[in-house]
Amino acid sequence: MTNPQNVASSTLEACARQADQHFVETFGCKPRWLVASPGRVNLIGEHTDYNEGFVLPMAIDRYVVVAADINTELSGKNSGKSAVFHSANLGGSFRVSLGKIKKSVPGNWTNYVKGVLAGFLEREFSLPSFNAVIQSSVPLGGGLSSSAALEVSVATLLEALLDTSILPKEKALLCQQAEHQFAGVPCGIMDQFSSVFGQEDALMLIDCRSQEIKPIAFTSPDVTILITNSSVDHELAGSEYRERRQQCEAAAKSLGVPSLRDVTLAGLEKSSTELGDTINRRARHVISENIRTLHAADAICAEDWNTAGELMFASHDSLRDDYEVSCQELDLLVDIAREIGVEGGVYGSRMTGGGFGGCTVSLVKTDSLASVKQTLSSRYLKSAGIAPRLFATRPARGAHVIRA
Ligand code: ADP
Ligand code: MG
């Protein structure tokens, strides 16, 4: 994980206050605009989004806040309009001319911002010169989608600066394009959709084919979502992600369908020998994960936490064995959660996000939250030698303007 010590305080109010202050320290005046967009956690439905399947994420109450103000001094006579962005988390700044935007080197954080600026300029919006400070309480690179939260926050800021709004779905897709074209990450729609459409008290069952979102009420005070950050990042994520996508495309092609969404487990079984062991297991994960996700949405609607939890454990097993995107540390956290079990207060747990590090998500009895956190922390520290970072969260509001 990048610079965890610089992740802002957890409440939105505190994060916004820090952004405000940081802007004053950096640019010497109070910012007019403050906007916020949340990270997300996916309860179930992993590696299904790019297979036109189902996902069940929620926005979390961790936000990327952007503070900004117009700066007329930046528009020199000959230099045209430009913007300066400062990341309080990374301690770096960059200036970008608001003409034709060029990508930075791969892996550079400025690409997420530039991609969104380019999307607005392509739509022929005329942006003013401005300064902005980014302050985030979403851990960077932890699988909670700080990248989409950053993109959506920049897009929300540009809407506010222009005193306009684009359709929420178009905004999410513009941000996804930014991630594809500028950051070079061929992500599905889940992250940006979650950050844009997040609502308090509901998960979102997203059909990644039709792009329809069905809210799944999550209001019971008896259960809590616990996120545990393994604090490891194996740097495999990018290349392995691409390989999994290619394997899924190859499986769909061999099976003669547009995507794995169109295959049943029985259909897969018939063709398993032609596909070969690896591709067969990849496809089996995707197909079974779609079934589990729909089933979990029903279970959550019925507040059947035992079933929802079992489906989360089964999802982890499938990601570990068939899709092979877990790692020792994530397996350890899920094993500890399994040992705690329903009696100890854990209904279910699984890795969340792309894999090879990052976080687990657990469905926990609210009454047992303190003891579950304690057991997870101490056993993980003892076995892995790393102190995990844990926080409880609830579904949170999507992107919005705090001050205009
Ligand atoms: P995740 O989205 O799961 O957090 P990614 O690797 O997709 O992980 O995105 C993390 C990257 O997004 C960071 O390495 C950085 O480039 C960029 N990013 C996210 N938040 C910030 C921030 N507050 N300031 C600067 N860059 C950020
Ligand atoms: Mg990301």
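Residues numbered from 1 in each chain as written. Chains lettered and ligands numbered in written order. Predicted model: local features only at pLDDT ≥ 70, side-chain atom pairs only at ≥ 80, totals over all residues. Heavy atoms only, no water.

Draft legend 1. Fine view of the side chain of Arg282. Secondary-structure assignment places Arg282 in helix α9 (residues 277-301). Here Arg282 falls in the buried class, since its relative accessible area comes to 5%. Side chain to side chain, Arg282 and Gln247 meet in a polar contact 2.8 Å long. (Helix = DSSP H or I, 4+ residues; strand = E, 2+ residues; numbered from the N terminus. Buried < 20%, exposed > 50% of the residue type's maximum accessible area, 1.4 Å probe, protein only. Polar contact = N/O pair within 3.5 Å; in protein donor to acceptor, adjacent residues only side chain to side chain.)

Draft legend 2. Just the sheet that holds strand β12 (residues 389-393), in detail. Spatial strand order, β10-β11-β9-β12: four strands in an open sheet with antiparallel pairing. Both outer strands of the open sheet, β10 (346-352) and β12, are each paired with one neighbouring strand and no more. For this sheet, the mean angle separating the axes of adjacent strands, direction not counted, is 20°. Docked against the sheet, helix α11 (residues 328-344) engages β9 (223-233), β10 and β11 (357-365), running at close to 170° with respect to β10. (Pairing = 2+ DSSP bridges. Axes fitted to C-alpha atoms, helices over the stretch in contact; angles between N-to-C directions. Contact = heavy atoms within 4.5 Å.)

Draft legend 3. Fine view of the site of ligand 1. In the vicinity of ligand 1, 17 residues are found, and the nearest of them are Ser87, Asn89, Gly141, Gly143 and Ser146. Within the backbone of Gly141, one N or O atom sits 2.8 Å away from an oxygen atom of ligand 1. Those elements that place two or more of their residues in the shell around ligand 1 are β6 (130-136) and α3 (146-162). Counting residues per element, the shell around ligand 1 draws most heavily on α3, at three residues. (Near = heavy atom within 4 Å.)

Draft legend 4. Seen up close, α3. The end-to-end C-alpha separation of α3 is 24 Å, in line with the 24 Å expected for 17 residues at 1.5 Å each. Extensive coverage of α3 is indicated by the burial of 17 of its 17 residues. Residue Asp163 follows α3 closely and has a positive phi angle near 50°. (Expected span 1.5 Å × (residues − 1).)

Draft legend 5. Fine view of the confidence of the model for the protein chain. When pLDDT is averaged across the protein chain, the result is 94; 96% of the residues are at 70 or more. pLDDT under 50 marks residues 1-5. Its contacts with residues more than four places away, or in other chains, come to twelve contacts. (pLDDT = per-residue confidence, 0-100.)

Draft legend 6. The arrangement of the domain arrangement of the protein chain in detail. Annotation of the protein chain at the domain level lists domain 1 (4-218 + 396-403) and domain 2 (223-393). Computed over C-alpha atoms only, the centres of domain 1 and domain 2 are separated by 26 Å. The interface is formed by 36 residues belonging to domain 1 together with 45 residues belonging to domain 2. Contact with domain 2 buries surface across domain 1, with Ile44, Glu46 and His47 losing the most and accounting together for 19% of the total. Across the domain 1-domain 2 interface, the total number found is three salt bridges. Two residues, Asp262 and Arg209, come together in a salt bridge whose shortest N-O distance is 2.8 Å. There are 22 residue pairs in polar contact (both at pLDDT 80 or more) connecting domain 1 and domain 2. Taken together, the elements giving at least two residues each to the side of domain 1 that touches domain 2 come down to β1 (33-42), β2 (54-55), β3 (57-70), β7 (202-207) and β8 (212-217). When residues of the side of domain 1 that touches domain 2 are assigned to their parent elements, the largest contribution, four residues, is made by β3. (Domains from an automatic or database assignment. Buried area = accessible area lost by both parts, 1.4 Å probe. Salt bridge = Lys/Arg side-chain N within 4 Å of Asp/Glu carboxyl O.)

Draft legend 7. Local environment of the packing of helix α4 (residues 168-181) against helix α5 (residues 190-197). Packing of α4 against α5 leaves a shortest axis separation of 9 Å and a crossing angle of 140°. Our classification of the angle between α4 and α5 gives oblique. In this structure, α4 meets α5 at a crossing whose hand is right-handed. Together, Pro168, Lys169, Lys171, Ala172, Leu173, Cys175, Gln176 and Glu179 of α4 and Gln192, Phe193, Val196 and Phe197 of α5 make up the contact between the two elements. Here the residues of the contact of α4 with α5 sort into seven nonpolar, two polar and three charged. (Parallel < 35°, antiparallel > 145°, perpendicular 65-115°, else oblique. Left-handed = near helix turned anticlockwise from the far one by under 90°. Nonpolar A, V, L, I, M, F, W, Y, C, P; charged D, E, K, R; others polar.)

Draft legend 8. Structural view of the pairing of β9. The buried fraction of β9 amounts to nine of the eleven residues, a majority that puts the element mostly inside the structure. Sheet topology places β9 next to β11; eight bridges connect them, and they run antiparallel. Bridging across to β11, Asn229 finds its partner in Cys359. By the bridge criterion, five bridges tie β9 to β12 in an arrangement that is antiparallel. Following the sheet pairing, Ile225 is matched in β12 by Thr393.

Draft legend 9. Structural detail: the sheet that holds β2. Taken in spatial order, the three strands line up as β2-β7-β8 in an open sheet, and their pairing is antiparallel. Here the strands that pair on one side only, and so sit at the sheet edges, are β2 and β8. Pairing between β2 and β7: two bridges, direction antiparallel. Counted as the bridge partner of Val55 is Ile206 from β7. Against the sheet, α5 engages β2, β7 and β8, with an angle of about 140° to β7.

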